[in-house]
Structures are given as structure tokens and as C-alpha cells.
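Close look at the chain arrangement
The chain contents come next:
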2 protein chains.
Amino acid sequence: MKLRRSGRLVDMTHYLLERPHQLIPLTFFAERYESAKSSISEDLAIIKQTFEQQGIGTIKTLPGAAGGVQYIPKMSKQEAEEIVTYLCEQLSRPDRLLPGGYLYMTDILGDPRIMNKIGRLYASIFADRPVDVVMTIATKGIPLAYAVAHFLYVPVVIVRHDNKVTEGSMVSINYVSGSSKRIQTMVLAKRSLAEGANVLIIDDFMKAGGTVNGMVNLLNEFNAKLSGIGVLVESEETKERLVDEYISLVRLSSVDVKEKQITVKAGNYTHFME
Amino acid sequence: MKLRRSGRLVDMTHYLLERPHQLIPLTFFAERYESAKSSISEDLAIIKQTFEQQGIGTIKTLPGAAGGVQYIPKMSKQEAEEIVTYLCEQLSRPDRLLPGGYLYMTDILGDPRIMNKIGRLYASIFADRPVDVVMTIATKGIPLAYAVAHFLYVPVVIVRHDNKVTEGSMVSINYVSGSSKRIQTMVLAKRSLAEGANVLIIDDFMKAGGTVNGMVNLLNEFNAKLSGIGVLVESEETKERLVDEYISLVRLSSVDVKEKQITVKAGNYTHFME
């Protein structure tokens, strides 16, 4: 459909935002709008400039016959700080305290608006690493994993604690939960992860890291490669961490059940932002 | 930040797409871009025209002092048909057959690209109903529920089969699974659903409807109201349906395990599209 520049800008913006990290040939847009490639290039320059100015991301251009443009979601340090500050405020509210020193986080994980922001933040951090798939474990990490996967434009695979009948043959491993020291099982459908895949592990909470470490071990069973680990909240109250390299947004440094005081700080993510 | 029309169009498109169904006062944009309200109105007219032409949705204008604009995600019948046809093709592949006549759907539910499209389709169908929250049951329906919730700009609540320690006090009900006739339990965190909330139930699969019916009964415990029910796949192989009004995208009419033949048709969603 022939569109004027103003219409093209609106439609291209939507088209690119829906397909982060996907390479789109210039000829695609030229044909879509029945416009010259030079006009499309000008449009893309405007979009790139606005995206960068407004902290939405950037447009990467790959030259050559197999080239095209890619929308790379990015987040500024300032915007990331705003989100993390919000999370810290939210998580330190005394009414989040549950018996056993747990924190109620269901409302935060249930809000697509917050998940979208955190998804873009993680996608920004992991933008340059090879990621073919995002992995998480049922159930709380699922929304976060989806949000990250959306902005990296890759699928999600979900590891489970139980063996569901509707997923066919499964690979299962045993692991030791770092904090409770109990032996547990995690399973993943055999056909859900390809050999050699680059995997980004995303989870909502990490204490000693037993569960995340279990997922890392599961990768070996699939001959898959670890691209990175992102956890929304890490707990400082642990003696021995089973996982070395991970990126956390928030660090839970202490929970005083008696005084109903929760101390939350920013995580280590700042070291991984430009 | 002062922006020219071309920059405004790109930024406004992004801003609106990120906030479906949210009312944004014209003055917000006027201040954001240091532009006259009349220019903003012209920008919005261009965005509206392009959104409608390209099947992205529409821009609704509410007049008056408390007014503003809203981006309402919409999907054309044609685009919906394309998605449903794709789903039918995918689901009828013989290699999806699992022991017991189950279908492997994990890859489809794990792809944010497909989930986004289905999310927009359901949001389009339910656009005019009051929805405060999307409800689903762990775990397979979660990605679909999130996608729908994103396009309706509301939170998600997740009903569980097990009682997780980290969600505080729970409300639990017993229900009879329609197909297996077993008595089961489902639970929902007490503080996750407000009294009187309008709830849209979304699930990935429905046979006799026992699980969905259980969620409807759970709503009564919270004095919440049912806004609608959406199921991705309904199975025809059932004598007695426990749920009357639901909207399905795909209907599984027969599964022949011996001949490895799966027959899939479009669901009843077409009756609910304009």
C-alpha cells in the first residue's frame, strides 16, 4: 500500500517495535510502501534518531545484499535506575512480609507494564550476547522470561518440577536446593531445546542459587550453551553462592520478621550497562 | 523535549503502543513535545488513519476536560483468519501426537511472536467488555494470559493447583475435572484479586470445561465478576460441556492415535468479531 512519509513513519515504527532484533531488508519496506529505497533510508534515519533520543533503543543498519535494518531495544542507565528504585520501594513495604521471611511479589510479577520494562532492561543488557532461547522454571519466573524473550525475539522454554503428561519424553536431573539442602528434580521436554542452543536463564528469585545451578546442569544434558543468567531479586542472606556470574536488578539484604523491616538495594546490574 | 512532526509521530506511536487502552490527555503530549494542541491533534489523526489502514487498531478520542486519547488494539477478520489457519496447520501435524491422545503445544505457547498475535486477537474481541484483570491457571496458560493482559493493559492473576508458601493466605476450592471426573483443588492468593473485579478467564485448552468452571466458581469466593472466557483450543470430544459461553480460536475435532491423524478446525471466535 502506498503511504506518505507520515504514514510510513507510524507503520514502520510499529513494524519494527513488534520485531526486535530481526533483520528486515530495505527492499521489504520499499515494496510495502511502494517507495524508493532512498526515501525508506531517510525514514529510518528519523526513526533511529527519535528512538535514541527518547531512550527506546536504536536502529542498526547492516550493509550489503544480505543486509537490512534491526531494531535493538535499549534502555538508558537513568531509566533503568528509575525502575530499580521503584522495585526497591515496592519490595521494602512491610506488608509484603509473609510467614517464614518470604516476600509477596505476585502483584509485581503479574503486572505486564512492569514486566515489559524489566524485559526491555534485560534485553538491553544481553543485546550483544548470542541468545537463541530464554529458559526459566515454573511458575513465577514465566512472565519475566516472556518479557525478556519478547524483546530478544526468541522463544521461551519452561523447566518444571513435575512431569506433565502432555509434553512427551522429558529429560530430568536431580539438584540440591542450596538453601533447604533438599534433593529435588527438574524436568524439561526433550524436544523443547535444540542441541547447541545459546540459552539465557531468567528467574525471579535467587537465594543460594541451587535452582539456577540446576538449570545450568540441565543445559549440559542438551549440549546447550549458557549465554547468561538474570535474576530479578537476589538474596544476600546466603553463605555460599552456587552460581558465579549472574545479573540481578535488586538485592534483598535483610529481612527482619520481628521488626517487619525489609532492606532492599540495587543489584549488580549497573556493572553491565554501558 | 521539542520534537518536529516526524519525530513526534515516531515517539507518539511508541508511547501509545506501549499503553493500550490507557487514556492519555492531549495536554500530556503537548507538554512532552512543547507543541500546540492543534498540532498534536493533527499528529493523532495521522496515527489513527495509519493504525486503521494497517490493521493495528484505532485511536479513540474522548472529548472534554477529563478526556484524551486511547489506543485500542484491534485485529481485522482477515488477519485473525491467517493466524487461526496457521494454528490449525501447526496443530494437525502428526508429530504433535503424544501418548494418550494429547497434543504437544509447548513450542507454540513458548513463542512470544505467536502469543503476541493471539493476545491482540483476544484483546480485539474483548475490547468493549469491562476487564480489570486476566485470570489463568498454572502453567501452560500463563504466556497466553500475559499476552492478552498486555493488550488490555491489566494485570494477570494465576490460579494454582498447589499451595505455594510464598503467596500468603489463599482461598481454595474443590472442583471436578470434567474429563477425568477426579476431584481436584485450585487455590488463589487472597490478596491477588480485589472484590468486585471484572475478570477475563484465559486458558490454553478446554475439554469438558471442568477447570474453567472451577475458575468461574472461584470468582464467586472473591465476589468478582466474569467478563468472558477465552480458550485457545477446545476439544470437541466431550459429551457434556460444563461451560456455556466461551470463545475458542481452534477446535480439535478428532484425534486418531492409530492413524496418527489430527483434525483441527477454526473455533467459534468468528461469531465474536465485527
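Residues numbered from 1 in each chain as written. Chains lettered and ligands numbered in written order. Predicted model: local features only at pLDDT ≥ 70, side-chain atom pairs only at ≥ 80, totals over all residues. Heavy atoms only, no water.

1. Let's talk about the domain arrangement of chain A
Residue and element names in this part refer to chain A. Split by domain assignment, chain A resolves into domain 1 (5–73) and domain 2 (77–271). A C-alpha centroid distance of 33 Å is found between domain 1 and domain 2. Taken together, the contacts link 10 residues of domain 1 with nine residues of domain 2. Broken down residue by residue, the surface that domain 1 buries against domain 2 is led by Pro 20, His 21 and Pro 73, which jointly contribute 57%. At the junction of domain 1 and domain 2, the tally comes to zero salt bridges. (Domains from an automatic or database assignment. Contact = heavy atoms within 4.5 Å. Buried area = accessible area lost by both parts, 1.4 Å probe. Salt bridge = Lys/Arg side-chain N within 4 Å of Asp/Glu carboxyl O.)

2. Some remarks on the pattern of salt bridges
In a structure, side chains of opposite charge can pair up when their charged atoms sit close to one another. All names here are of chain A. Under the defined criterion, the tally for this structure stands at 32 salt bridges over all chains. Of the charged contacts, one joins Asp 11 and Arg 32 as a salt bridge, the two residues approaching to 2.8 Å between their closest N and O atoms. Of this pair, Asp 11 sits in helix α1 (residues 5–17) while Arg 32 sits in helix α2 (residues 26–32), placing them 21 residues apart in sequence. Look at Asp 11 and you get buried, because its relative accessible area is 1%. Taking the relative accessible area as the measure of exposure, Arg 32 reaches 26% and is therefore partly exposed. Measuring nitrogen to oxygen at the nearest pair gives 2.9 Å for the salt bridge that ties Arg 113 to Asp 111. One network of salt bridges, with partners in common, ties together Glu 234, Glu 236, Arg 241, Arg 251 and Lys 265. (Helix = DSSP H or I, 4+ residues; strand = E, 2+ residues; numbered from the N terminus. Buried < 20%, exposed > 50% of the residue type's maximum accessible area, 1.4 Å probe, protein only.)

3. A few points about the UniProt feature "domain: Bacterial purine repressor N-terminal" (unreviewed entry) in chain A
Mapped onto this numbering, the UniProt entry gives "domain: Bacterial purine repressor N-terminal" (unreviewed entry) at residues 4–73 of chain A. The span residues 4–73 of chain A is 53% helical and 17% strand by assignment, and the distance between its end C-alpha atoms comes to 26 Å. (UniProt positions renumbered as here; feature names shortened; annotations may be inferred.)

4. Overview of the packing of aromatic side chains
Inspection of every chain in the model, using the stated rule, returns 12 aromatic pairs over all chains. Geometrically, the ring pair formed by Phe 29 of chain A and Tyr 33 of chain A is stacked, given 6.1 Å between the ring centres and 5° between the ring planes. Residue Phe 29 of chain A shares its accessibility class with Tyr 33 of chain A, and that shared class is buried. The interplanar angle of 70° and the centroid separation of 5.6 Å between the aromatic rings of Phe 28 of chain B and Phe 29 of chain B together place this pair among those described as edge-to-face. You can call Phe 28 of chain B partly exposed: its relative accessible area is 29%. Residue classification places Phe 29 of chain B among the buried residues on the basis of a relative accessible area of 0%. (Phe/Tyr/Trp six-rings, centres within 6.5 Å; stacked < 30°, edge-to-face > 60°.)

5. A look at the interface of chain B and chain A
Across the boundary between the two partners, chain B contributes 56 residues, which contact 55 residues of chain A. Summed over both sides, the interface of chain B with chain A buries roughly 4800 Å², with 62% coming from carbon and sulfur. Area buried by chain B at its contact with chain A is led by Val 10, Tyr 146 and Arg 191 of chain B, which between them contribute 13% of it. If you look at where chain B meets chain A, you find zero salt bridges. Inspection of the region where chain B meets chain A yields 16 residue pairs in polar contact (both at pLDDT 80 or more). Looking at the side of chain B that touches chain A, the elements with two or more residues in it are α1 (5–17), α2 (26–33), α3 (37–53), β3 (97–98), β4 (102–103), α5 (106–109), α6 (112–125) and α7 (142–152) of chain B. In the side of chain B that touches chain A, the residues fall into 29 nonpolar, 15 polar and 12 charged. (Polar contact = N/O pair within 3.5 Å; in protein donor to acceptor, adjacent residues only side chain to side chain. Nonpolar A, V, L, I, M, F, W, Y, C, P; charged D, E, K, R; others polar.)

6. Quick look at the confidence of the model for chain A
Per-residue confidence for chain A gives a mean pLDDT of 94, with 98% of residues at or over 70. Here the predicted complex scores 0.96 on pTM and 0.95 on ipTM. (pLDDT = per-residue confidence, 0-100.)

7. Regarding the sheet that holds strand β9 (residues 198–206) of chain A
Residues and elements named next belong to chain A. Pairing within the open sheet is mixed, and its six strands lie in the order β6-β5-β9-β10-β11-β12. In this open sheet, the two strands that pair with only one neighbour each are β6 (156–159) and β12 (261–266). Recorded for the sheet is a direction-independent mean angle of 25° between the axes of neighbouring strands. Bridge count for strand β5 (residues 133–137) against β6 is four bridges, and the pairing is parallel. Looking across to β6, one finds that Ile 137 is bridged to Val 159. Sheet strands in contact with helix α7 (residues 142–152) are β5, β6, β9 and β10 (225–235), and its direction is about 145° off that of β9. (Pairing = 2+ DSSP bridges. Axes fitted to C-alpha atoms, helices over the stretch in contact; angles between N-to-C directions.)

8. Regarding unusual backbone geometry
Residue and element names in this part refer to chain A. Here the amide bond leading from Ala 138 into Thr 139 is cis, since omega sits at 0°, within 30 degrees of zero. Inspection of the secondary structure puts Thr 139 in the loop between β5 and α7. Here His 21, not a glycine, exhibits a phi torsion of approximately 65°, which is positive. As for its placement among the helices and strands, His 21 is situated in the loop between α1 and α2. You will see that Tyr 153, though not glycine, has its phi angle at about 60°, which is positive.

9. Some thoughts on helix α6 (residues 112–125) of chain A
With 14 residues, α6 of chain A ought to run about 20 Å at 1.5 Å a step, and its terminal C-alpha atoms sit 20 Å apart, in line with that. Counting buried positions over the 14 residues of α6 of chain A gives 12, a clear majority of the element. (Expected span 1.5 Å × (residues − 1).)

10. Things to note about empty space enclosed by the protein
Scanning all chains against the criterion turns up three cavities of 30 Å³ or more. As a volume, the largest cavity reaches approximately 490 Å³. Surrounding the largest cavity, 26 residues form its lining, Asn 116 and His 150 of chain A together with Asn 116, His 150 and Phe 151 of chain B being those nearest its centre. Listed by contribution, the elements that provide at least two residues to the lining of the largest cavity are α1, α6 and α7 of chain A together with α1, α6 and α7 of chain B. Of the residues that constitute the lining of the largest cavity, the class distribution is 16 nonpolar, six polar and four charged. Counted as a void, the second largest cavity has a volume near 110 Å³. If you go around the second largest cavity, you meet 13 residues; those closest to its centre are Thr 106, Leu 109 and Gly 110 of chain A together with Ile 158 and Arg 160 of chain B. (1 Å grid on protein atoms, 1.4 Å probe; cavity = no way out; pocket = protein on both sides within 12 Å on 5 of 7 lines; lining within 4 Å. Points joined across faces, edges and corners; volume = space filled by probe spheres on them.)

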